[in-house]
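# Analysis of the macromolecular model
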Amino acid sequence: MGFIKNTVGRKVVIAVTGQLMVVFIIFHLPGNYFNPWAMTFPAIGSFIWIVRLALLLSFVLHAFFGIQSELENHKARSGPYAVTKSLSTTFAAKTMIWSGILSGVFIIFHLLNITVSVIDESFQDNYAVAIGYAIGLSAVCLHLYHGIASFFQTMGWNSEKSLPAVTSIGKGMALLLFGGFICIVILNRG
Amino acid sequence: MNLTLFVWRQKGPDDKGRLEQLNAKDISLEMSFLEMLDTVNEGLIKDGKEPIAFDHDCREGICGMCSQVINGVPHGPQEKTTVCQLHMRNFKDGGSIYIEPWRARAFPVIKDLIVDRSALDRIIQAGGYISVHTGGVPEANAVLVPKEDADTAMDASECIGCGACVAACPNGSAMLFTAAKVSHLAMLPQGRTEAARRVCVMTEAMMQQGFGNCSNHYECQAACPKGIRVQFIAKLNREFIKAQFKGACRKSP
Ligand code: HEM
Ligand code: FES
């Protein structure tokens, strides 16, 4: 059985591709504030296409393996308990599949809206689009609230001492990113 | 004390099963949870009814047989305690208690609260051992093991294979169990030689037995009666990634 058929191997693929997208988002945020380059990418030769291809591949692999493992996890349960009590998991962790799918839909919408300009309504002029952005950003934030910290556990870069700090930093980053992006929407509404 | 119990009753693997309401009367606070069930069973037998079937063996918290989800928590409300070591003073007089079996596809119910946990044994059979003969007790200073490594291996080896981690996991994953076994052996020189192959075959076996994938909810750690930490899962993940560089997962066993 190879790497991508193994339960841990697939998780590593989900984690690395997810984190690549997070790294992109981190660069995407300040770019929006200081300089319009982030909107269109730096046009340094073929660099833009390398980044786009890497992100596209990440997106596809991440969504495929994410959905596949979720389906398996669903099958591995044998019906619900009459009484359930969560001791440590979070709402964000339990809804990864839904926040993920919503993020995916949002990203596709965002690309059609800004990059390809097929959807010709901007959040600056249209309230419905602005609300759509707010919902999409919330979904991404919820996904990363669990995802960023989870990445470090999946890669094994975690110890008994570092786990609480990694968890807090991951949650903090998700909230910071959300705050940063939602401000763009709010400020530009005018 | 008097209690209302809602106990999972299931005649056999093919029966659908249901919760049955039973009364537990005159229970002393000093009784263990299993002694409380023994008392209820005596009453049921006297009335000519079928007693509740539940697993137990050592009753001292070391065999891992007593598999019951009590009020939604595997092994009940007290941290780091097996059902057999749980005492009735942890419950309120007049309260109700829900008692259910471990629920996971890899753990089919045999009867009432008894599940078949042999899927865990099959994960061990796949690679949770060392195949070199180490002979008798070695001379203490022949192979030196750093104190921290010995301690970590000892912590991992505390796993009693009860399956509470699986019962608690929203994904029905046996990752904490597998990680404890992988880490325990990988920390020590005798186990180190086969570490790469072991992590591959044991994680594969985990999937084949129908357990789910870990997605870092950490419910397992909270439910574990022996305090096995999720850092062992991080350790398993590290071992797995290291094993890729040796190509250890490509060869099927
Ligand atoms: C179609 C869209 C998406 C779907 C269906 C999806 C689904 C999932 C699922 C099910 C998981 C949990 C996997 C597991 O732990 O077993 C996950 C984890 C994760 N996702 Fe997504 N996701 C999507 C988009 C995104 C995007 C756009 C990002 C980044 C901006 C992202 C970042 C992450 C990260 C960092 C993790 C944590 C990985 C780990 O647990 O180690 N995801 N995703
Ligand atoms: S009966 Fe052995 S651990 Fe509870």
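Residues numbered from 1 in each chain as written. Chains lettered and ligands numbered in written order. Predicted model: local features only at pLDDT ≥ 70, side-chain atom pairs only at ≥ 80, totals over all residues. Heavy atoms only, no water.

Helix and strand content of chain A: 7 helices and 0 strands. Going residue by residue from the N terminus, the α and β elements of chain A occur as α-α-α-α-α-α-α. Taken against the 2.2 N^0.38 rule, which gives 16 Å for 190 residues, the C-alpha radius of gyration of chain A at 18 Å falls within 12% of a compact globule. Its C-alpha atoms put chain A at 50 × 40 × 35 Å along the principal axes. Roughly 10600 Å² of accessible area belongs to chain A as shown, and the carbon and sulfur atoms make up 75% of that amount. Here chain A holds 11 positive side-chain charges and 6 negative ones, and the gap between their average locations is 15 Å. (Helix = DSSP H or I, 4+ residues; strand = E, 2+ residues; numbered from the N terminus. Rg over C-alpha atoms; globule rule 2.2 N^0.38 Å. Areas by Shrake-Rupley, 256 points an atom, 1.4 Å probe, with all protein chains shown as cover. Lys, Arg positive; Asp, Glu negative; His and termini not counted. Charge placed at Lys NZ, Arg CZ, Asp CG, Glu CD.)

Counting residues in hydrophobic clusters, the biggest one holds 52 residues, and the most contacted among them are B:Phe107, B:Ile123, B:Leu176, B:Phe211 and B:Ile233. Going through the elements one at a time, helix 1 (7-34) and helix 6 (127-155) of chain A together with helix 2 (118-127), helix 4 (164-168), helix 5 (175-186), helix 7 (195-208) and helix 9 (231-245) of chain B are the ones with two or more residues in this core. Two domains each provide a minimum of three residues to this core, namely domain 1 (3-110) and domain 2 (117-245) of chain B. Excluding anything up to four places from it in sequence, B:Phe211 contacts A:Ala76, B:Ala106, B:Phe107, B:Ala119, B:Leu120, B:Ile123, B:Val166, B:Gly172, B:Ser173, B:Ala174 and B:Met206. (Core = buried A, V, L, I, M, F, W, Y, C linked by side-chain atoms within 4.5 Å. Buried < 20%, exposed > 50% of the residue type's maximum accessible area, 1.4 Å probe, protein only. Domains from an automatic or database assignment. Contact = heavy atoms within 4.5 Å.)

Here we take up the pattern of salt bridges. Residues and elements named next belong to chain B. Applying the stated criterion across every chain yields a total of 12 salt bridges over all chains. In this structure, the salt-bridge partner of Lys242 is Glu239, at a minimum N-O distance of 3.7 Å. Taken together, the residues Lys242 and Glu239, both in helix 9 and 3 residues apart, mark about one turn of the helix. Looking at Lys242, the relative accessible area reads 44%, which means it is partly exposed. (Salt bridge = Lys/Arg side-chain N within 4 Å of Asp/Glu carboxyl O.)

The next point concerns the side chain of B:Asp55. All names here are of chain B. Here Asp55 shows up in the loop between helix 1 (33-46) and strand 3 (69-70). The buried charged residue Asp55 lacks any salt bridge partner; its closest oppositely charged side chain belongs to Arg117, at an N-O distance of 4.9 Å. Those residues in contact with Asp55, other than ones at most four positions away along the chain, are Met65, Cys66, Ser67, Ile114 and Val115.

Okay, the coordination of the iron atom of ligand 1 next. Residue and element names in this part refer to chain A. Here the iron atom of ligand 1 is held by the protein donor atoms His62 (NE2) and His143 (NE2), which lie 2.0 Å from it. Considering all 6 donor atoms around the iron atom of ligand 1, angles at the metal cover 88 to 179 degrees and the coordination shape is octahedral. Here His62 is found in helix 3 (residues 47-76), whereas its partner His143 is found in helix 6, with 81 residues between them in sequence. By relative accessible area, which is 18% here, His62 ends up buried. Of the residues examined, His143 reaches a relative accessible area of 14% and is grouped as buried. (Donors = N, O, S within 2.8 Å, 3.2 Å for Na, K, Ca; no water. Tetrahedral: all angles 85-135°; square planar, octahedral: opposite > 155°, others 65-115°.)

All names here are of chain B. Per the domain assignment, the segments of chain B are domain 1 (3-110) and domain 2 (117-245). On a C-alpha basis, the centroid separation for the pair domain 1 and domain 2 is 29 Å. At the interface, 17 residues of domain 1 touch 18 residues of domain 2. Interface area, domain 1 with domain 2, both sides summed: about 1400 Å², of which 65% is carbon and sulfur. (Buried area = accessible area lost by both parts, 1.4 Å probe.)

Moving on: the sheet that holds strand 1 (residues 3-9) of chain B. Residue and element names in this part refer to chain B. Strands sit in the order 2-1-5-3-4 across an open sheet of 5 strands; the sheet is mixed. Strands at the two margins of the open sheet, each flanked by one partner only, are strand 2 (18-24) and strand 4 (73-74). Each of strand 1, strand 2, strand 3 and strand 5 (96-100) touches helix 1; the most contacted strand, strand 2, lies at about 90 degrees to it. (Pairing = 2+ DSSP bridges. Axes fitted to C-alpha atoms, helices over the stretch in contact; angles between N-to-C directions.)

Attention now goes to the site of ligand 1. The local shell around ligand 1 holds 25 residues, among which A:His62, A:Gly100, A:His143, A:Ser150 and A:Thr154 are the closest. Site remark: ligand 1 is flanked by residues from chains A and B. Contact distances for ligand 1 include 2.8 Å between a nitrogen atom and a side-chain N or O atom of A:His143. A distance of 2.6 Å separates an oxygen atom of ligand 1 from a polar atom in the side chain of A:Thr154. Residue assignment for the shell around ligand 1 shows that the elements contributing at least two residues are helix 1, helix 3, helix 5 (96-115) and helix 6 of chain A. Top element by residues in the shell around ligand 1 is helix 1 of chain A. It accounts for 8 residues. (Near = heavy atom within 4 Å. Polar contact = N/O pair within 3.5 Å; in protein donor to acceptor, adjacent residues only side chain to side chain.)

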